Amino acid sequence: MRLFVGLKTRHLAQKVFSPSAAVRWPRPLCTCSPAENKPHPSMLKHLTSKIKSTGPISVAEYMREVLTNPVTGYYVRNNMLGVEGDFITSPEISQMFGELIGVWIISEWMAAGHPEQVQIVELGPGKGSLTKDILRVLHQLRSVMGGASVSVHLVEVSPVLSALQAQALTGSESHVTTEGEEPVYRRGNTPDGLQVSWYKRIQDVPPGFSVHVAQEFFDALPIHKFQKTPRGWREVLVDIDPDRDEQLRFVLSPNATLASTTLIQPGERREHVEVCAEGGVVLQHLSKRISERGGAALIADYGHDGTKTDTFRGFKDHQLHDVLTSPGSADLTADVDFSYLRRCAGGVACVGPVSQNSFLRNMGIDARLQVLLKNCPDLASRCQLLRSYHTLMDPGQMGERFQFFGVLPLSRVQRPRPQTGLNLDKTQRPAPLPVAGFTELKYA
Ligand code: SAH
């Protein structure tokens, strides 16, 4: 089925693209001290003593420990985003990215019939730039949003990053909560008076109509790795290398593991498979929230539709980094398997994945670029703006590698049943509005 962005979305986009919309470029550089990014020897010690006591660990356990161990985890200790960090992401490249996602949120809110309360939920908000850009659009379009009450809910495992997010969104208007207030661990207010709350897990966010955004979040969740062998599927594990001091190596489990017997699809044709079971659980929570209380989820990440094999890799100082060397000093990541996420969704409709290039173009990035270019004060800023546009959009850069995937209530995309015979049903729903940014619909 082919659908195109509806008029309502274009109308919204034109409003946002008015010359009064603020230009914010370049983004400030990250302010992490170089010491923060140093390798952490205690992480290697922690892993080797774990392996010595329990035997080789799964790649998922390795990734979970390295990234989110509460004391030494890479995300927990570091501010890794930006030019001086290990990698840079779309919201850090250009304000246009978050602004267009803000327009998407409003279009889904309108399609849902303008609920009075709307929760913006971001998973893995990094430096808070995406939510900041979204909230600026919501503020500019407050006449469209009417009196809807907006609150912000951030799912973030890192205390370092949550402090940066708080600074970006609330200035000094936030505080770490006291013990009785769990599961919220930080609260604050934006300058417009919107309440912002921080949680460690999606299941802790209160129920209610919510539009969820996860940009480069799923790629950071732990994956299991499996290899096809003549004896069947075997899980890839991480072990201590007996031949090299203080080094880790991959080994194959001699027998089937619980993960290898439950996570591989029957009839799987690939020889090597990565499965992000934790991502599947997050998707199940999102599906439940959306099917019960309405809303939507927009997942933006690099990924594939069940075709790729070995994508596990590390990043340090914007370079590829061996995943088993100096654990804790580099980001670990794997491509998102959208076909797996679709299989985990239940009672909802899934749209996409579509490329970042198509999504942003469907959302009107070209019109937004023109407005920003007109308002650029000098040639250098114009060049910078064009460069950032090309980074987001060019197929050789982020345009094709990055994909957008949507999760929506079934009612959002179901066509009304064709009428047969005498029609006495006066309550028939109108045809659903097209989903902004996407052109093709698939059902879970
Ligand atoms: N969305 C941001 C940051 C991407 S980096 C951007 O695009 O710029 C991944 C983010 O997810 C970080 O904020 C990291 O701390 C957070 N994160 C990683 N694993 C997490 C987990 N298991 N639970 C919650 N947050 C997590």
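Before reading on, note that the structure itself is shown above.
Residues numbered from 1 in each chain as written. Predicted model: local features only at pLDDT ≥ 70, side-chain atom pairs only at ≥ 80, totals over all residues. Heavy atoms only, no water.

**Student:** Just give me the short version of the pattern of salt bridges, but keep the residues and values in it.
**Tutor:** By the definition in use, this model includes 19 salt bridges. Across the pair glutamate 61 and lysine 50 runs a salt bridge, and its minimum N-O distance is 3.0 Å. One end of the pair, glutamate 61, is in helix α3 (residues 59-68); the other, lysine 50, is in helix α2 (residues 41-54), with eleven residues separating them in the sequence. Given a relative accessible area of 21%, lysine 50 falls into the partly exposed group. A salt bridge links arginine 64 to glutamate 278, with the shortest nitrogen-to-oxygen separation between them at 3.0 Å. (Salt bridge = Lys/Arg side-chain N within 4 Å of Asp/Glu carboxyl O. Helix = DSSP H or I, 4+ residues; strand = E, 2+ residues; numbered from the N terminus. Buried < 20%, exposed > 50% of the residue type's maximum accessible area, 1.4 Å probe, protein only.)

**Student:** So what about the packing of helix α6 (residues 95-111) against helix α14 (residues 365-374)? Which residues, and what values?
**Tutor:** In the contact formed by α6 and α14, the axes pass within 11 Å of each other and the chain directions differ by 130 degrees. In terms of orientation, α6 and α14 fall into the oblique class. When the axes of α6 and α14 are compared, the crossing they make is right-handed. The residues of α14 that touch α6, namely those facing Gln95, Met96, Glu99 and Leu100, are Ile365, Arg368, Leu369 and Leu372. Broken down by class, the residue content of the contact of α6 with α14 amounts to five nonpolar, one polar and two charged. (Axes fitted to C-alpha atoms, helices over the stretch in contact; angles between N-to-C directions. Parallel < 35°, antiparallel > 145°, perpendicular 65-115°, else oblique. Left-handed = near helix turned anticlockwise from the far one by under 90°. Contact = heavy atoms within 4.5 Å. Nonpolar A, V, L, I, M, F, W, Y, C, P; charged D, E, K, R; others polar.)

**Student:** Just give me the short version of unusual backbone geometry, but keep the residues and values in it.
**Tutor:** Following glycine 352, the chain continues into proline 353 via a peptide bond in cis, with omega recorded as 10 degrees. Summarising the element assignment, proline 353 is placed in strand β17 (residues 348-355). In this structure, aspartate 317 takes a positive phi of about 50 degrees despite not being glycine. Within the fold, aspartate 317 resides in the loop between β13 (313-316) and β14 (319-321). In this model, histidine 318 sits at a positive phi of 65 degrees, which is unusual for a non-glycine residue. Tracing the backbone through its elements, the reader meets histidine 318 in the loop between β13 and β14.

**Student:** Explain the side chain of serine 329 residue by residue, including any values.
**Tutor:** By the element assignment, serine 329 lies in the loop between β14 and β15 (331-333). Within the structure, serine 329 has its side chain in polar contact with the side chain of lysine 316 (distance 3.3 Å). Among the polar contacts listed, one links the side chain of serine 329 to the backbone oxygen of serine 326, at a separation of 2.8 Å. (Polar contact = N/O pair within 3.5 Å; in protein donor to acceptor, adjacent residues only side chain to side chain.)

**Student:** Run through empty space enclosed by the protein, naming residues and quoting values.
**Tutor:** One pass over the full model with this rule turns up three cavities of 30 Å³ or more. Estimates place the volume of the largest cavity at around 100 Å³. Around the largest cavity, the lining is made up of 13 residues, and of these Phe218, Cys276, Asp335, Val336 and Asp337 lie nearest the centre. The set of elements that each furnish at least two residues to the lining of the largest cavity consists of β16 (336-337) and α12 (338-344). For the lining of the largest cavity, the class distribution of residues is eight nonpolar, one polar and four charged. (1 Å grid on protein atoms, 1.4 Å probe; cavity = no way out; pocket = protein on both sides within 12 Å on 5 of 7 lines; lining within 4 Å. Points joined across faces, edges and corners; volume = space filled by probe spheres on them.)

**Student:** If you had to explain the state of the cysteines to someone new, which residues and values would you point to?
**Tutor:** Under the defined criterion, the tally for this structure stands at zero disulfides. There is no disulfide at cysteine 276, and the cysteine sulfur nearest it, in cysteine 344, is 9.1 Å away. For cysteine 344, a relative accessible area of 13% translates into the label buried. (Disulfide = S-S within 2.5 Å.)

**Student:** Summarise the site of the ligand; cite the residues concerned and give the values.
**Tutor:** The environment of the ligand is formed by 18 residues, the closest being Thr89, Gly124, Gly126, Glu156 and Gln215. Note that an oxygen atom of the ligand is positioned 3.0 Å from one of the backbone N or O atoms of glycine 126. Protein coverage of the free-state accessible area of the ligand, which is 570 Å², stands at 94%. In a pocket analysis with a 2 Å cut-off to the grid points, the ligand is assigned to the largest pocket. Taken together, the residues of the shell around the ligand sort by class into nine nonpolar, six polar and three charged. (Near = heavy atom within 4 Å. Areas by Shrake-Rupley, 256 points an atom, 1.4 Å probe, with all protein chains shown as cover. Sits in = over half its atoms within 2 Å of the grid points.)

**Student:** Can you break down the layout of surface pockets residue by residue, with the values?
**Tutor:** Counted as a void, the largest pocket has a volume near 740 Å³. Lining the largest pocket are 40 residues, with Gly124, Val157, Phe217, Ala220 and Leu221 sitting closest to its centre. Taken together, the elements giving at least two residues each to the lining of the largest pocket come down to α3, α5 (90-93), β2 (117-123), α7 (129-140) and α11 (277-293). The residue inventory of the lining of the largest pocket, partitioned by class, reads 20 nonpolar, nine polar and eleven charged.

**Student:** With reference to specific residues and values, describe the environment of leucine 408.
**Tutor:** Its place among the elements puts leucine 408 in strand β18 (residues 402-409). The class for leucine 408 is buried, based on a relative accessible area of 0%. For the pair leucine 408 and alanine 297, spaced 111 residues apart in the sequence, the C-alpha separation amounts to 6.7 Å. Setting aside anything within four residues of it in sequence, one finds leucine 408 in contact with Trp104, Glu108, Ile290, Gly295, Ala296, Val348, Ala349, Val351, Val413 and Val435.

**Student:** Go over the sheet that holds β13 with me, naming the residues and quoting the values.
**Tutor:** Across the sheet, three strands lie side by side as β14-β13-β15; this open sheet has antiparallel pairing. Unpaired on one side and paired on the other, β14 and β15 mark the two borders of the sheet. The sheet shows a mean angle of 40 degrees between the axes of neighbouring strands, direction not considered. Direction of pairing for β13 relative to β14: antiparallel, over a ladder of three bridges. By the bridge assignment for β14, glycine 314 is matched with histidine 321. (Pairing = 2+ DSSP bridges.)

**Student:** Before we move on, can you summarise the packing of aromatic side chains with the specific residues and values?
**Tutor:** The full count for this structure, using the stated rule, is seven aromatic pairs. Between tyrosine 302 and phenylalanine 402, the ring centres sit 5.3 Å apart and the planes meet at 80 degrees, which makes this aromatic pair edge-to-face. With tyrosine 302 in strand β12 (residues 295-304) and phenylalanine 402 in strand β18, the pair connects residues that are 100 residues apart, well separated along the chain. The same class applies to tyrosine 302 as to phenylalanine 402, namely buried. Where phenylalanine 359 meets phenylalanine 404, the ring centres are 4.0 Å apart and the plane angle is 5 degrees; that geometry is what we call stacked. Taken together, the residues span a long stretch of sequence, with phenylalanine 359 in helix α13 (residues 356-362) and phenylalanine 404 in strand β18 at a distance of 45 residues. Ring pairs connect the aromatic residues Phe97, Phe359, Phe404 and Phe438, which therefore count as one cluster. Here the basic side chain of lysine 200 rests over the ring of tyrosine 185, its NZ or CZ set 4.4 Å away from the ring centre. (Phe/Tyr/Trp six-rings, centres within 6.5 Å; stacked < 30°, edge-to-face > 60°. Lys NZ or Arg CZ within 6 Å of the ring centre and 35° of its normal.)

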